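Working through the structure, step by step
Okay, here's what each chain looks like letter by letter:
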Amino acid sequence: MRYICGFTKRSFIVYILETKALSHQFGAGEPVVRNLDLKIPQGSIYGFLGPNGAGKTTTLRLMLGLIKKQSGQIEIFARPLEHHREQTLRQIGSMIDSPSFYGHLSAYENLLVFQKIFQCPKSRISEVLHLVGLSRTGSKKASRFSLGMKQRLGIAIALLHNPSLLILDEPTNGLDPNGMIEIREMLIRLNRQQGISILISSHLLGEMQKLVTHVGIINAGKLVYEGTLDKLVSKSGQSFQATWEIDHTARAMEIVGHKYNAVKLDDQKIVIADLTRDQIGAVNRELIVAGIPVYEITTSHKDLESIFMNLITNNNGTLQQFSK
Amino acid sequence: MVLFNSFQSEWIKKKNSSASWLTIIGAFFIPLIILTKRILDPQTLAEQNASAKIWHMLYNQCWQYMSVFVLPMGIILTASLITQLEFRNNAWKQVHTTPQSFTVLFLAKFCITLTMLVQFFLLFNLGIVLTGILPALIFPNVPFPKQDFPFQPFLAGNAKFFLYSLPILSLQYLLSLHIRNFMVPIGVGFAMVIASLIAVSWKYGYLLPYTYCSKQFLLNDNRIDPDVNIYAWSTGYFVLFTTLNFLLYISRKSRG
């Protein structure tokens, strides 16, 4: 492989994309991206997560040269982007924000526009149309496509030239559950069968959990976690979220509220996140000793959404809005 | 080769677009009106076609209407529509992530607008020719134009109008490329055309490039300064606007 190689203690990792101390701000405002060090392993499906306004799209635009870089470094395929822009873009397929296509042209004509630039074989147009399930659209204008078809056309354009890296910003936006499954399966297939590395940003955490191998979580322009999804889940899986069904919730909050991050759900339930097994026992003992009858304790492991929410919780304990 | 590939790509984009339809409809608009007028006056039709100056007469009639208003407005609308293909389809970001230098991208799109202008001139001249020939095909008593087709004067005349169109095209392309709201370049262009109608016979009217097409028919007017070299002004404005446009384009901080 031609790409940059990094070493860890146990394994040899090839990074297809790296940013070093990448920062960006618009005008005199607050920085949108702050000292971002991303490492995207080759062959991974890298989920780039963050709340609204966290700097995800700005980062992706910087990576594609759509915004002039202000400080830091972007290396793609082990080459600095600013010095090898055309060479690098030849190996990248992208779809940023919403899919871009020409509404007055058919799907085939839209792909022909890009085929002329990439100079890939014309037969590739039919291949990608078939791959995304648009081979029967004929001369129908793209403006008359459904949202899912438009999204698939955007992905077809990104895939046309057989890229080594796909950069997709919210590719399942606006799709129905069936459309989401189709796109997810297609991306997994591309990754496993053709070895395409995929960098994908999305706010649909449930979807991402089923798709990605690696995760980068960004909040207020800063990277708060980067690593494999398995590691993140297993690390967070050592703690539980427990719910107690009890009488006297107000009194229970007085007893355990100051020690743990307890929340009163209603008159009969309190919930505490981030507890170990021992802590669950300790809380329970304190409630019993205080004479509060406990009727039921339910525990749950965290899913990606609660892990994510924990990570982006700011110092005041409030959560950033998490929706697009 | 890279530029040619990019040009081909841009050419496909304009297929069936409003800009391409406007070029065709705009080119035939004035010849169609002149033809209709001629057909509705059958008494002079035969006499005109038998005249030794039929082509000059048709050329002057068509270009007089075309040069004052239709040509500048056509250029204004076409330049806007070409760039709107990217703005309206939110496609700049996709175009700017293709492996092409910004110079190639700029030139390819600009070449498309120039080619469309050439196409417009060719179709317009075809319209003039049809205006002379069609009545002879429709009416048995109308002869084919007696005068041999004056290729050289037609070519020279067209070349002048083409040169006068270049500053308008380059300025409108500049405005359309950098302003997302298409009403702004169209509004500015329209205001310039109106201003040019007022300024055409003014002493310093040559400062406004939109007056050049209209000036062609006022060259014998004593209010037009014969010492002003319109060809040089036209070329100068074209080079200035195109260079400025290119510099603004390559120094953009955000590209969709």
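What counts as what
- Residues numbered from 1 in each chain as written.
- Chains lettered and ligands numbered in written order.
- Predicted model: local features only at pLDDT ≥ 70, side-chain atom pairs only at ≥ 80, totals over all residues.
- Heavy atoms only, no water.
- Domains from an automatic or database assignment.
- 1 Å grid on protein atoms, 1.4 Å probe; cavity = no way out; pocket = protein on both sides within 12 Å on 5 of 7 lines; lining within 4 Å.
- Points joined across faces, edges and corners; volume = space filled by probe spheres on them.
- Helix = DSSP H or I, 4+ residues; strand = E, 2+ residues; numbered from the N terminus.
- Nonpolar A, V, L, I, M, F, W, Y, C, P; charged D, E, K, R; others polar.
- pLDDT = per-residue confidence, 0-100.
- Salt bridge = Lys/Arg side-chain N within 4 Å of Asp/Glu carboxyl O.
- Buried < 20%, exposed > 50% of the residue type's maximum accessible area, 1.4 Å probe, protein only.
- Core = buried A, V, L, I, M, F, W, Y, C linked by side-chain atoms within 4.5 Å.
- Contact = heavy atoms within 4.5 Å.
- Pairing = 2+ DSSP bridges.
- Axes fitted to C-alpha atoms, helices over the stretch in contact; angles between N-to-C directions.
- Buried area = accessible area lost by both parts, 1.4 Å probe.
- Polar contact = N/O pair within 3.5 Å; in protein donor to acceptor, adjacent residues only side chain to side chain.

1. Description of the domain arrangement of chain A
What the domain assignment reports for chain A is domain 1 (2-227) and domain 2 (240-301). Computed from C-alpha coordinates alone, the two centres of domain 1 of chain A and domain 2 of chain A are separated by 44 Å.

2. Quick look at empty space enclosed by the protein
All names here are of chain B. A complete count under the given rule lists three cavities of 30 Å³ or more for this structure. A volume near 100 Å³ is recorded for the largest cavity. Taken together, Thr-23, Leu-71, Gly-74, Ile-75, Thr-78, Ala-79, Thr-113, Met-116, Leu-117, Phe-120 and Leu-169 make up the full set of residues lining the largest cavity. Among the elements of the structure, helix H4 (54-88) and helix H6 (102-138) are those that each provide at least two residues to the lining of the largest cavity. If you tally residues by element for the lining of the largest cavity, the top one is H4, at five residues. For the lining of the largest cavity, the per-class residue count stands at seven nonpolar, four polar and no charged.

3. Points about the confidence of the model for chain B
Residues at a pLDDT of 70 or more form 97% of chain B, whose mean pLDDT is 92. Scoring the predicted complex yields pTM 0.83 and, for the interface, ipTM 0.89.

4. Examining the pattern of salt bridges
According to the stated counting rule, one finds 14 salt bridges over all chains in the structure shown. Salt-bridge contacts for Lys-69 of chain A lead to Glu-82 of chain A; the nearest nitrogen and oxygen are separated by 2.8 Å. Of this pair, Lys-69 of chain A sits in the loop between helix H1 (56-63) and strand S6 (71-76) while Glu-82 of chain A sits in the loop between strand S7 (79-80) and helix H2 (85-89), and the two are 13 residues apart along the sequence. Among the residues examined, Glu-82 of chain A registers a relative accessible area of 46% and is labelled partly exposed. Salt-bridge contacts for Glu-86 of chain B lead to Lys-109 of chain B; the nearest nitrogen and oxygen are separated by 2.8 Å. Here the residue Glu-86 of chain B occupies a position in helix H4, and Lys-109 of chain B occupies one in helix H6, the gap between them amounting to 23 residues. The exposure class of Lys-109 of chain B is buried, given its relative accessible area of 3%. By sharing partners, the salt bridges in this structure join Glu-10, Lys-13, Glu-86 and Lys-109 of chain B into a single network.

5. Remarks on the nonpolar core
Counting residues in hydrophobic clusters, the biggest one holds 107 residues, and the most contacted among them are Leu-166, Leu-187 and Ile-200 of chain A together with Trp-63 and Leu-71 of chain B. Considering each element in turn, this core owes the most residues, 13 residues, to H4 of chain B. Those residues in contact with Leu-166 of chain A that lie beyond four places of it in its chain are Gly-93, Ala-158, Leu-159, Leu-187, Leu-190, Ile-196, Ser-197, Ile-198 and Leu-199 of chain A. Core analysis: the second largest hydrophobic core is formed by 28 residues, Leu-22, Leu-60, Ile-76 and Leu-199 of chain A among them.

6. Here we look at the sheet that holds strand S5 (residues 45-49) of chain A
Residue and element names in this part refer to chain A. Pairing in this open sheet of six strands is mixed, and the strands run S8-S9-S10-S5-S11-S12 from one edge to the other. The two strands at the open ends of the sheet, each matched to only one other strand, are strand S8 (92-95) and strand S12 (222-228). If you compare each strand with its neighbour and ignore which way they point, the axes differ by 15° on average. As defined by bridge partners, S8 adjoins strand S9 (residues 165-169) across four bridges and the pair is classed as parallel. Within the sheet, the bridge partner assigned to Gly-93 lies in S9 and is Leu-166. Sheet strands touched by helix H6 (residues 177-194): S5, S9 and strand S10 (197-201). Its angle to S10, the strand with the most contacts, is close to 150°.

7. Some points on the environment of Ile-76 of chain A
Residues and elements named next belong to chain A. Position of Ile-76 relative to the elements: it lies in strand S6. When the C-alpha positions of Ile-76 and Gly-47 are compared, they lie 17 Å apart, and in sequence the two are 29 residues distant. Sequence-distant contacts of Ile-76, defined by excluding residues within four places in its chain, comprise Ile-16, Leu-17, Met-63, Leu-81, Thr-88, Ile-92 and Leu-165.

8. Topic: the interface of chain A and chain B
Taken together, the contact between chain A and chain B spans 29 residues of the former and 29 residues of the latter. Roughly 2700 Å² is buried in total at the junction of chain A and chain B, and carbon and sulfur atoms are behind 55% of that figure. For the chain A face of the interface with chain B, the top three residues by lost area are Leu-66, Tyr-102 and His-104 of chain A, together amounting to 23%. Viewed at the interface, chain B and chain A are joined by one salt bridge. Two residues, Lys-15 of chain B and Glu-109 of chain A, come together in a salt bridge whose shortest N-O distance is 2.4 Å. Between the two partners, chain A and chain B, sit 19 residue pairs in polar contact (both at pLDDT 80 or more). Here the side of chain A that touches chain B takes seven residues from helix H3 (residues 107-118) of chain A, the largest share from any one element. In the side of chain A that touches chain B, the residues fall into 14 nonpolar, seven polar and eight charged.

9. Quick notes on the sheet that holds strand S16 (residues 294-300) of chain A
All names here are of chain A. Taken together, four strands build an open sheet; the order of strands is S14-S15-S13-S16 and the sheet is antiparallel. Every interior strand has two partners, whereas the edge strands, strand S14 (262-266) and S16, have only one. The average angle at which neighbouring strand axes cross in this sheet is 25°, direction not considered. Judged from the five bridges that link them, strand S13 (residues 240-246) and strand S15 (residues 269-275) form a sheet pairing that is antiparallel. Counterpart to Thr-243 in the pairing with S15 is Val-271. Sitting on the sheet, helix H10 (residues 277-289) touches S13, S15 and S16, and the angle it makes with S13 is about 20°.

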